[in-house]
Amino acid sequence: MTAGRRLTPPQLRELFLFEHLDDNQLDWLATRGWAVTHTAGQPIYTEGEPATCFVVLLSGTVSLSRNIRGDDVELSRTDQTGVYGGATQAYLGDQVPQLYNNTMHAITDAEVYELPAAEFGPVVRQWFPMAMHLLEGLFFGMRNSNNAVAERERLLALGSLSAGLTHELNNPAAAAVRATAVLRDKVAGMRQKLAMIADGRLDGERLHGLVELQETAVKKAANAPKRTALETSDLEDTIGDWLDDHDVTGAWDLAPTLVAGGVEVPWLEDVATCIGDIDLEPAVRWLAYTIETELLMGEIDDAVARISGLVGAAKQYSQLDRGPFQVVDVHDLLDATLIMLNGKIPSGVRVVTQFDRALPAIPAYAAELNQVWTNLIDNGVAAMHGQGTLTITTGLDPTGDCLSVEIADTGTGIPPEVRPRIFEPFFTTKPVGEGTGLGLDISYRIVVKKHHGDIRVSSQPGDTRFTVLLPLRESR
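Residues numbered from 1 in each chain as written. Predicted model: local features only at pLDDT ≥ 70, side-chain atom pairs only at ≥ 80, totals over all residues. Heavy atoms only, no water.

Engineer: Looking at this structure, how should I read the overall build of the protein chain?
Structural biologist: Each helix and strand in the protein chain was counted, giving 12 helices and 15 strands. Counting over 476 residues, the protein chain shows a buried share of 42%. The contacts of the protein chain with a sequence gap of at least 6 include a subset with a gap of at least 24, amounting to 75%. As presented, the protein chain carries roughly 24900 Å² of accessible surface, and 54% of it is formed by carbon and sulfur atoms. (Helix = DSSP H or I, 4+ residues; strand = E, 2+ residues; numbered from the N terminus. Buried < 20%, exposed > 50% of the residue type's maximum accessible area, 1.4 Å probe, protein only. Contact = heavy atoms within 4.5 Å. Areas by Shrake-Rupley, 256 points an atom, 1.4 Å probe, with all protein chains shown as cover.)

In structure tokens form, the structure reads like this:
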């Protein structure tokens, strides 16, 4: 502790923390502490160092921050005279490590009153013995309770997201496995038909023409037009009739594949002209195998792309490979969160997104904003009990200084009598065992405390809206 000026007992009594102490206690404080000035930008104390001082703010503005995975995360900022920090657990003595659990910075020039923890802790126990027993019970009880609930909350969230992601990954993976198995059979069939075609009955010119037709078939399959069910059925009948007229057996089996590959009758006429009637059936079947293999490879490509997209969404959601604080597009975060939660959203709930993609990127803690979206979307879905509409809208707030994200649901609404309490820790309206009451509390702290934004709610039956406001520029 750096020596500074002394404060008189009347000056100390002006601080709300000491206003009810008696004269002897104030005399003790006046002879033990010092008023010390710290210049703007300097730390008053630093997280992790031995907690040697109990600190009370006299003037100026200070901030409290914590180091989380190498990043300084601001917890609060204040200029209220009398607020305190530092060795706030000195009264627990050696029951807990006596280290600063955060860092206090002077945002402006600030004067603080510093008391040596080694003396302040024991005298507090001596002055307030009953209060110390109560505080010890509260401290250790709340710590154990918070650890248990937070661990359970993390496990539930992880299990839910893992189940949803596994479900989403299973569909394209199963499609790729199925397509691969069918593709193997079709390739074997192509080898057999090629052997029949190339057994000497076709001269080099016609064989070369057939190869060119195969290349055309591949291009047709890759660019097959989208048809309605009625158009597809009519074209299958037309091609089936053409195949029957040319004595190609199994027309009912070949026609759907040819139509799916974009084949029409004029192209089949070109095949007949090139090959001739004698070898037409093996040629058509070989070309049908070519089309089907191309379609199957397209299915595999689509399935693998979906898997890659899901992995990318999980990566975007977790932000594991990125710095905690970065400039982000909020829409990327919302898209990733919706993909991660897709397995939890019932089929009766319709998700509508009204995104203003022209909005600028903003400085934010991306992974923690994803936690906010997860909590708000999960609450909205739960409120609709399997039926309703979830609407997510982005835009600018009326001031133009903040980006706005509104998450609305058509659920039962929040009763007016409980609405003032929804951001309180451990308060929940869900049945016992279904909610911990930490989701909205965590969301509030992330938006308001860390991003210096705001989170608002309006609710009536059938229309509940949570609006998150995030500053467009970093708040210093």
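Engineer: Mind showing me how you'd approach the side chain of Thr103 here?
Structural biologist: Of note, Thr103 is situated in strand 7 (residues 103-106). A polar side-chain atom of Thr103 sits 2.8 Å from the main-chain amide nitrogen of Glu47. Those residues in contact with Thr103 that sit more than four places away from it in its chain are Pro43, Tyr45, Thr46, Glu47, Ser63, Leu64 and Ser65. (Polar contact = N/O pair within 3.5 Å; in protein donor to acceptor, adjacent residues only side chain to side chain.)

Engineer: Quick question: what am I supposed to make of the side chain of Thr464 here?
Structural biologist: Note that Thr464 resides in strand 15 (residues 463-471). Overall, Thr464 belongs to the buried group, its relative accessible area being 3%. Side-chain polar atoms of Thr464 contact the side chain of Ser459, separated by 2.8 Å. For Thr464, the residues in contact, after removing those within four places along its chain, are Ile407, Ala408, Asp409, Gly413, Ile414, Ser458 and Ser459.

Engineer: Is there a simple way to think about helix 2 (residues 23-32) in this case?
Structural biologist: For an α-helix the count is 3.6 residues per turn, leaving residues at separations of three or four pointing the same way. Buried residues of helix 2: Gln25, Leu26, Trp28, Leu29 and Ala30, and no others. Residues of helix 2 that are buried in the fold lie against helix 1 (9-13), strand 8 (110-116) and helix 3 (117-127). Where helix 2 begins, the side chain of Asp22 points an oxygen toward the backbone nitrogen of Asn24, at a separation of 3.1 Å.

Engineer: Would you mind showing me how to read a nonpolar patch on the surface here?
Structural biologist: Residues Phe16, Leu17 and Tyr84 make up a contiguous nonpolar surface patch of roughly 260 Å² in combined accessible area. By the secondary structure assignment, Phe16 is in the loop between helix 1 and helix 2. Judged by its relative accessible area of 38%, Phe16 falls in the partly exposed class. (Patch = residues over 30% accessible without salt bridge, like charges linked within 9 Å, V, L, I, M, F, W, Y side chains within 5 Å. Salt bridge = Lys/Arg side-chain N within 4 Å of Asp/Glu carboxyl O.)

Engineer: Please explain the pattern of salt bridges as it appears in this structure.
Structural biologist: Oppositely charged side chains may form a pair once their charged atoms are brought near each other. Under the defined criterion, the tally for this structure stands at 13 salt bridges. Arg32 is the partner of Glu119 in a salt bridge, and the nearest nitrogen-oxygen pair spans 2.8 Å. Here the residue Glu119 occupies a position in helix 3, and Arg32 occupies one in helix 2, the gap between them amounting to 87 residues. Residue classification places Arg32 among the partly exposed residues on the basis of a relative accessible area of 28%. Between Arg285 and Glu281 there is a salt bridge, with its nearest N and O atoms 3.3 Å apart. Taken together, the positions of Arg285 and Glu281, both in helix 9 (residues 280-318) and four residues apart, correspond to about one turn of that helix.

Engineer: Can you help me understand the sheet that holds strand 1 (residues 34-38) in this one?
Structural biologist: Picture the strands of a sheet paired through backbone hydrogen bonds; they go either parallel or antiparallel. Ordered by their spatial adjacency, four strands build an open sheet running 1-8-3-6, and the pairing between neighbours is antiparallel. The two strands at the open ends of the sheet, each matched to only one other strand, are strand 1 and strand 6 (84-86). Adjacent strand axes in the sheet meet at a mean angle of 35°, parallel and antiparallel pairs treated alike. On top of the sheet, helix 3 reaches strand 3 (53-59) and strand 8; it is set at about 65° to strand 8, its chief contact. (Pairing = 2+ DSSP bridges. Axes fitted to C-alpha atoms, helices over the stretch in contact; angles between N-to-C directions.)

Engineer: Sorry if this is basic, but what is going on with the sheet that holds strand 14 (residues 454-460) here?
Structural biologist: Strand order across the open sheet formed by five strands is 10-12-13-15-14, with mixed pairing between neighbours. The two strands at the open ends of the sheet, each matched to only one other strand, are strand 10 (349-354) and strand 14. Sheet twist, expressed as the mean angle between neighbouring strand axes with direction ignored, is 15°. Pairing of strand 13 (residues 402-409) with strand 15, which is carried by eight bridges, proceeds in the antiparallel orientation. Counted as the bridge partner of Val405 is Val468 from strand 15.

Engineer: Please clarify how the confidence of the model for the protein chain should be interpreted in this entry.
Structural biologist: Detailed reading of the predicted model is not advised wherever pLDDT is low. Confidence along the protein chain averages 79 in pLDDT terms, with 76% of residues attaining 70 or more. Contacts from residues 431-437, a stretch scored under 50 in pLDDT, to residues over four places away or in other chains number 10 contacts. (pLDDT = per-residue confidence, 0-100.)

Engineer: Any chance you could explain the packing of helix 10 (residues 330-341) against helix 11 (residues 366-384) here in plain terms?
Structural biologist: Packed helices, taken two at a time, are described by the angle their axes make and the gap between the axes. Between helix 10 and helix 11, the least distance of the axes is 9 Å, while the angle of their chain directions is 50°. Considered as vectors, helix 10 and helix 11 are oriented oblique to each other. In the packing of helix 10 onto helix 11, the handedness of the crossing is right-handed. Across the interface between the two elements, Val330, Leu333, Leu334, Thr337, Leu338 and Leu341 from helix 10 touch Ala366, Leu369, Asn370, Trp373, Thr374 and Ile377 from helix 11. Residue composition of the contact of helix 10 with helix 11, by class: nine nonpolar, three polar and no charged. (Parallel < 35°, antiparallel > 145°, perpendicular 65-115°, else oblique. Left-handed = near helix turned anticlockwise from the far one by under 90°. Nonpolar A, V, L, I, M, F, W, Y, C, P; charged D, E, K, R; others polar.)

Engineer: So what exactly am I meant to see when it comes to a negative patch on the surface here?
Structural biologist: On the surface, Glu231, Asp234, Asp237, Asp241, Asp244, Asp245, Asp247 and Asp277 cluster together into a negatively charged patch. Residue classification places Asp245 among the exposed residues on the basis of a relative accessible area of 61%. (Lys, Arg positive; Asp, Glu negative; His and termini not counted. Charge placed at Lys NZ, Arg CZ, Asp CG, Glu CD.)

Engineer: So what exactly am I meant to see when it comes to helix 6 (residues 229-245) here?
Structural biologist: Between the first and last C-alpha of helix 6 there are 24 Å, a value that for 17 residues agrees with the 24 Å anticipated at 1.5 Å per step. Every buried residue of helix 6 is accounted for by Leu235, Ile239, Gly240, Trp242 and Leu243. Along the long axis of helix 6, the arc covered by the buried residues comes to 160°, so they all point the same way. In helix 6, those exposed residues whose orientation departs by more than 90 degrees from the buried face are Leu230 and Asp245. At the C-terminal side of helix 6, Asp247 shows a positive phi close to 60°. (Expected span 1.5 Å × (residues − 1). Arc of directions from axis to C-beta.)

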